[in-house]
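One letter stands for each residue in the lines below.
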4 protein chains.
Amino acid sequence: MNTIGLLTSGGDAPGMNAAIRAVVRTALGRGARVLGFRHGYDGILEDDHSEMRSVDVGGIISRGGTILRSGRCKAFFEPAVRAQAGQKLQSLGVSGLIVIGGDGSLAGAKKLSEECGISVYGVPATIDNDIFGTNPSIGFDTAINTALGAIDRVRDTAYSHDRVFVVEVMGRKHGFIALEAGLAGGAEAILIPEIPFSLNQVCEKLAAGTSRGKKSSIIVVAEGAGSAHQISQDIRERSGFECRELVLGHMQRGGNPTAFDRVLATRIGSFAATQLMNGRSGEMAGFMNGAIVGTPLETVLSTDQPIDSERLLLADVMAQ
Amino acid sequence: MNTIGLLTSGGDAPGMNAAIRAVVRTALGRGARVLGFRHGYDGILEDDHSEMRSVDVGGIISRGGTILRSGRCKAFFEPAVRAQAGQKLQSLGVSGLIVIGGDGSLAGAKKLSEECGISVYGVPATIDNDIFGTNPSIGFDTAINTALGAIDRVRDTAYSHDRVFVVEVMGRKHGFIALEAGLAGGAEAILIPEIPFSLNQVCEKLAAGTSRGKKSSIIVVAEGAGSAHQISQDIRERSGFECRELVLGHMQRGGNPTAFDRVLATRIGSFAATQLMNGRSGEMAGFMNGAIVGTPLETVLSTDQPIDSERLLLADVMAQ
Amino acid sequence: MNTIGLLTSGGDAPGMNAAIRAVVRTALGRGARVLGFRHGYDGILEDDHSEMRSVDVGGIISRGGTILRSGRCKAFFEPAVRAQAGQKLQSLGVSGLIVIGGDGSLAGAKKLSEECGISVYGVPATIDNDIFGTNPSIGFDTAINTALGAIDRVRDTAYSHDRVFVVEVMGRKHGFIALEAGLAGGAEAILIPEIPFSLNQVCEKLAAGTSRGKKSSIIVVAEGAGSAHQISQDIRERSGFECRELVLGHMQRGGNPTAFDRVLATRIGSFAATQLMNGRSGEMAGFMNGAIVGTPLETVLSTDQPIDSERLLLADVMAQ
Amino acid sequence: MNTIGLLTSGGDAPGMNAAIRAVVRTALGRGARVLGFRHGYDGILEDDHSEMRSVDVGGIISRGGTILRSGRCKAFFEPAVRAQAGQKLQSLGVSGLIVIGGDGSLAGAKKLSEECGISVYGVPATIDNDIFGTNPSIGFDTAINTALGAIDRVRDTAYSHDRVFVVEVMGRKHGFIALEAGLAGGAEAILIPEIPFSLNQVCEKLAAGTSRGKKSSIIVVAEGAGSAHQISQDIRERSGFECRELVLGHMQRGGNPTAFDRVLATRIGSFAATQLMNGRSGEMAGFMNGAIVGTPLETVLSTDQPIDSERLLLADVMAQ
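Given the structure is predicted, the values throughout are model-derived calculations rather than measurements.

Caption draft 1: Layout of the overall build of chain A. A tally of regular secondary structure across chain A gives 11 helices and 11 strands. The C-alpha radius of gyration of chain A comes to 22 Å, within 12% of the 20 Å expected for a compact globule of 320 residues. On the principal axes, the C-alpha backbone points of chain A span a range of 70 × 35 × 35 Å. Sequence-distant contacts, at least 24 apart, represent 75% of the contacts inside chain A between residues at least 6 apart.

Written out as structure tokens, the structure reads:
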């Protein structure tokens, strides 16, 4: 394999740049050329690419975002568009493609591979940690530290004013960020989409805390479990607590990656490039139980990343 | 003066604890006792106070919030309630009171002094920097660095996705946080309540940037100049830019104070305690043109802190 | 088991407080009393202890260091002293003891258990990550992020002045911090005690980098592999590069724990308390391949934590 | 003036990039061309320069170091070399030069101007804050926050182990960093070159603290007042305290600039470009008592920046 393609797709995540660097330098070290496509799959369709040298990825390991830019290419849902992309890649001599992104991006890669005979290898980068085959995904550790920083700050005000704060973090279908940041932030309650909850019970918990002398509380909620605004209002009405809300939003995506995310991205990116050049395809590299392994995209895309409900119980014990 | 009272009132600000430490240790060093009242003026009315020893303020210089807790005492608008507070203070032997807080808290202090013969000295602590007689106020530097951290993070995503981001910061009547964080964050536009603006012009500016090759932009708006949600929607409709919003909210209040805020709070707090014990009253300590000075509360409360419109022009030049 | 003892011993590590909180709240939740001993084993010998209530561990999850203080009790190497400690514990009704610390502290716990019939359970907290049975140990993630912060800062100066910087991190016998921080920091060379290296080869690598256009470099060295001062001088003499040094030292121990360390400490601490109360003894709780498990102290203390030499090769590829 | 030159010289400081951006965009906005010289004055002598467009300074406001690189050009002490530099500048059509750096760099600028008829304007960037005509200099605020971060971390360990820590910060002739970081860090003693001190008195202070119940202490020392190693050893010998040392070193130079430094650099850089283009020369732009003003280089270079000894007294009161 002489030329491999590389792109980042979907929501950006801290560590994408570290993964780009790892793919490029590993591939160059094994004698390949690397073509970087800009703005995700759009870069293939629109001939927006350039060759990546070692110096082009110098100094990027410490930066958030992605130097290749990203995109959400809706046209790529069309088989005809994918066929076109496959032809573009073949005409450029690209026989293998590395896709850095979330599950939507990986689903596109799988189809491209199956339909067009392009070898593909996936690198899971998303702050949501919702991809089976890696735990955590690249960007998750940075995102929970960012969310934790905000929770720590809000705790100062909650304490100073004897208030309840509801902090809404990202996670439409999954509560990974909420659970981890809530546990780390010592949240009095954590509300996630996977586990049903009752606001009445939350209010009882807050009242029990008050009777023990606890005057301020933090509730962390994943956006898929409810909006901070609605929950805050509900708690106010049901319990009379002075309640404020905070929505972290897009701030969670950016920032310089943590040490963990840089090392994870470097290991996963390098593994992916090596596997692709060794002739593997249709897989995703990931961190599973302490090792970097490849998992078939078929398995990745058909399996739900399970939430660790033990941590929710643990958070409850810790809030006593 | 043998016993001085101390309280924090209004919205909490990073550096309040450093100011508490400075007041306590300065007063103790000059032979006074210090009574700390909890939850602002409520602590006087509800006999919620305790004597503060040097060790009680050990290690707090680095922490956000206020160990004395704060409060917004609406009852204190009533002359009868203030009279009651004055009697409480006198019965405790408190002849002088130091109030750490924003303009509402300082207005209460002024009235208490005029009506009840209690000496008072103000310490300006608010993230809003909207108090005449000090520039900046205690907490402002930390707040703009917090806002800047969020802007830097959002810049990663804006860059990666070629997007416009509208970031809403605190400031109902004033644009100090927006102006400083926007200038430091390299914002393409800064919208503040003091200076009229046109969204059409903002859109033209964005379009001009695009034509020069700039693909992502950050707009910083003070809450008093418009909501991120509304402005984001307007820009999308008028210009077609892909536009996202972020509301920083209460996160801006908390966090460990910066070096600047710790030194400022220490200097102002110590100055206030010294002046009060030297017989001064009805003033506020502040940082003006490089020195710590006292300004009559009358002047403080009747003068608007002017915005530096030069910086807005500078931000425009920098966005070219 | 009605009363369990708790102490922190050896070098402090970020996350010790989170572990204390987890032990206390888990034990209280299961109906036990917790006695906290101050300054490590000295607290047992010197009757320096107090009962820990839930409120005593409120708000400490976010703080570095240890509220129980730590110590290195040399007298504890004497069997007679340990016998005395055993009697003290029995007279206090303490039938089980949780020890939070590094390998020296855990060795003391093992002997205390074997000789005096006290049940013990270990919680591995050290920035060095040199304890078999957990990977990483509590405090490691925070320490590598601290080291990384320093490396990122030094990179600015190295780049601006075309210099080589040698950064010395902690690790007398092991290179875990050096390897992880070096990989995350994009170091051009990483020198650790476990793997022999040649400074001539390092100089050749630097020269090869220069010929490719790389004008600045970072070398990360574990203290056990050489001093920054000596290595810096050697490189200057052998190669003529302008070389500077930085010794991170004790700064690496402190700081607010990262999200990862807080969650890890909470999970491990809670697991340890649960196991001890379930009648287990002579084990250490740890994080192994994605799960929290107990490992006999005998195994922990007789097995060397292996370094991942793959990462060193990876760092080499990345430095090309 | 159609073409102005720009360089950064001497030790790098956070905010240099923000100043570069401000000079470039201000000059372009007024119709000038800007030539950026690399590696300080060497860039003039060695024809190492390129034209700077607006896009070249995009995104650099948030980064430490200097994209123009810096250097300490010893040859520039020779009049003949300066004459050569003057000719190079004239042959390039550069009639005015902006020099960003410390006092050595500004002294070179002054001579170049006097001897060769080149207009010059200075921008004071150094972490040391030792330049008269600005208080603070660009980079100082970031450096003290970096030092403060290290002091806060060390405080955790000092507290956990009842230890004294001696932290050595930069400052050969001046104690500005030591004084500010020490005051912000709540240091028990601050030792600076400008004010004589007695280690016996320091030990007495530590002993007095111990007798009041204070078990750990931080001493901040400027490198010009003594080495942490020597002072630590002296204190151990004289007092028996368990004493550790930490040398912050080059870490203090780097890092992303704070909000304050970014705004300061933007204002000063823009002012300097404007003044130079308005025909002013032989001056340095600086922040004095709340405003940006120009001061003749003659005055700047012949006046010592005074230390604020009040702050040292304040630190003493605060350490009680």
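Read on, since the account is not over.
Caption draft 2: Up close: the interface of chain C and chain A. In this complex, chain C contributes 33 residues to the contact, which on the side of chain A involves 33 residues. Elements that contribute at least two residues to the side of chain C that touches chain A include exactly α1 (16-29), α5 (140-161), α6 (176-184), α9 (259-277) and α11 (309-318) of chain C. Of all the elements, α9 of chain C adds the most residues to the side of chain C that touches chain A, at seven residues. Along the lines of polarity and charge, the residues of the side of chain C that touches chain A split into 14 nonpolar, 13 polar and six charged.

Caption draft 3: Representation of the sheet that holds strand β9 (residues 243-247) of chain D within the structure. All names here are of chain D. Spatial ordering of the open sheet is given by β7-β8-β6-β9, a layout of four strands whose pairing is parallel. A single partner strand is all that each edge strand has here, and the edge strands are β7 (189-191) and β9. Across the sheet, the mean angle from the axis of one strand to that of its neighbour is 20 degrees, orientation sign disregarded. Note that strand β6 (residues 164-169) and β9 share five bridges and pair parallel. If you follow E168 over to β9, its bridge partner there is V247. Docked against the sheet, helix α8 (residues 228-239) engages β6, β8 (217-222) and β9, running at close to 170 degrees with respect to β9.

Caption draft 4: Structural view of the relation of the copies chain C and chain A. For the match of chain C to chain A, the screw axis carries a shift of 0.0 Å, the RMSD comes to 0.0 Å, and the turn is 180 degrees. Taken together, the turn and the small shift mark the pair as related by a two-fold rotation axis. Relative to the rotation axis, the closest C-alpha in chain C is found at N289 of chain C, a distance of 2.1 Å. When you check the interface residues of chain C against chain A, 100% turn up at the interface there too, and the contact is symmetric in its surfaces.

Caption draft 5: Region of the structure containing the interface of chain B and chain A. Between chain B and chain A, the contact holds 26 residues from the first and 26 residues from the second. Every element with two or more residues in the side of chain B that touches chain A is listed here: α5 (140-161) and β9 (243-247) of chain B. The element that contributes the greatest number of residues to the side of chain B that touches chain A is α5 of chain B, accounting for 10 residues. Among the residues forming the side of chain B that touches chain A, the class breakdown is six nonpolar, 12 polar and eight charged.

Caption draft 6: Quick peek at unusual backbone geometry. Residues and elements named next belong to chain B. Between N135 and P136 the backbone carries a cis peptide bond, its omega angle lying at 5 degrees. Within the fold, P136 resides in the loop between β5 (119-124) and α5. Despite not being glycine, H39 shows a phi value in the positive range, around 65 degrees. With respect to the helices, strands and loops of the structure, H39 is situated in the loop between β2 (33-37) and α2 (42-45). What makes H39 buried here is the crowd of 23 C-beta atoms within 10 Å.

Caption draft 7: Representation of the domain arrangement of chain A in the model. Residues and elements named next belong to chain A. Domain annotation of chain A identifies domain 1 (3-139 + 257-302) and domain 2 (141-253). Centre-to-centre separation of domain 1 and domain 2, based on C-alpha positions: 34 Å. Taken together, the 15 residues of domain 1 in the interface contact 12 residues of domain 2. Here the side of domain 1 that touches domain 2 is built from residues that sort into six nonpolar, five polar and four charged.

Caption draft 8: Expanded view of the packing of helix α11 (residues 309-318) of chain B against helix α9 (residues 259-277) of chain D. Where α11 of chain B meets α9 of chain D, the closest approach of the two axes is 11 Å, and the angle between their N-to-C directions is 80 degrees. By the angle between their directions, the pair α11 of chain B and α9 of chain D is classed as roughly perpendicular. Contacts from L314, V317 and M318 of chain B of α11 of chain B reach α9 of chain D at T266, R267 and S270 of chain D. In terms of residue class, the contact of α11 of chain B with α9 of chain D is built from three nonpolar, two polar and one charged.

Caption draft 9: Highlighting the sheet that holds strand β4 (residues 96-101) of chain C. All names here are of chain C. A sheet is described by the order of its strands in space; here seven strands give the open sequence β3-β2-β1-β4-β5-β10-β11, paired in mixed fashion. Unpaired on one side and paired on the other, β3 (49-51) and β11 (291-296) mark the two borders of the sheet. Pairs of neighbouring strands in the sheet enclose a mean axial angle of 25 degrees, with direction left out of account. Pairing of strand β5 (residues 119-124) with strand β10 (residues 283-288) involves two bridges; the strand directions are parallel. By the bridge assignment, Y121 is partnered in β10 with E283. On the sheet, α9 packs against β1 (3-9), β4, β5, β10 and β11 and is oriented at approximately 145 degrees with respect to β10.

Caption draft 10: Looking closely at the arrangement of the chains. In this assembly chain B lies apart from chain C, the nearest approach of their C-alpha atoms being 11 Å. No part of chain A reaches chain D; the closest C-alpha pair between them is 11 Å apart.

Caption draft 11: Geometry of the environment of G269 of chain B. Residue and element names in this part refer to chain B. Relative to the elements of secondary structure, G269 occurs in helix α9 (residues 259-277). Taking the C-alpha atoms as reference, G269 lies 25 Å from M251; in sequence the two are 18 residues apart. Excluding its chain neighbours within four sequence positions, the residues that come into contact with G269 are A19, A22, V23 and V123.

Calculation notes
Residues numbered from 1 in each chain as written. Chains lettered and ligands numbered in written order. Predicted model: local features only at pLDDT ≥ 70, side-chain atom pairs only at ≥ 80, totals over all residues. Helix = DSSP H or I, 4+ residues; strand = E, 2+ residues; numbered from the N terminus. Rg over C-alpha atoms; globule rule 2.2 N^0.38 Å. Contact = placed C-beta atoms within 7 Å. Nonpolar A, V, L, I, M, F, W, Y, C, P; charged D, E, K, R; others polar. Pairing = 2+ DSSP bridges. Axes fitted to C-alpha atoms, helices over the stretch in contact; angles between N-to-C directions. Least-squares fit on C-alpha atoms with pLDDT ≥ 70 in both. Buried ≥ 20, exposed ≤ 12 C-beta atoms within 10 Å, placed from the backbone. Domains from an automatic or database assignment. Parallel < 35°, antiparallel > 145°, perpendicular 65-115°, else oblique.

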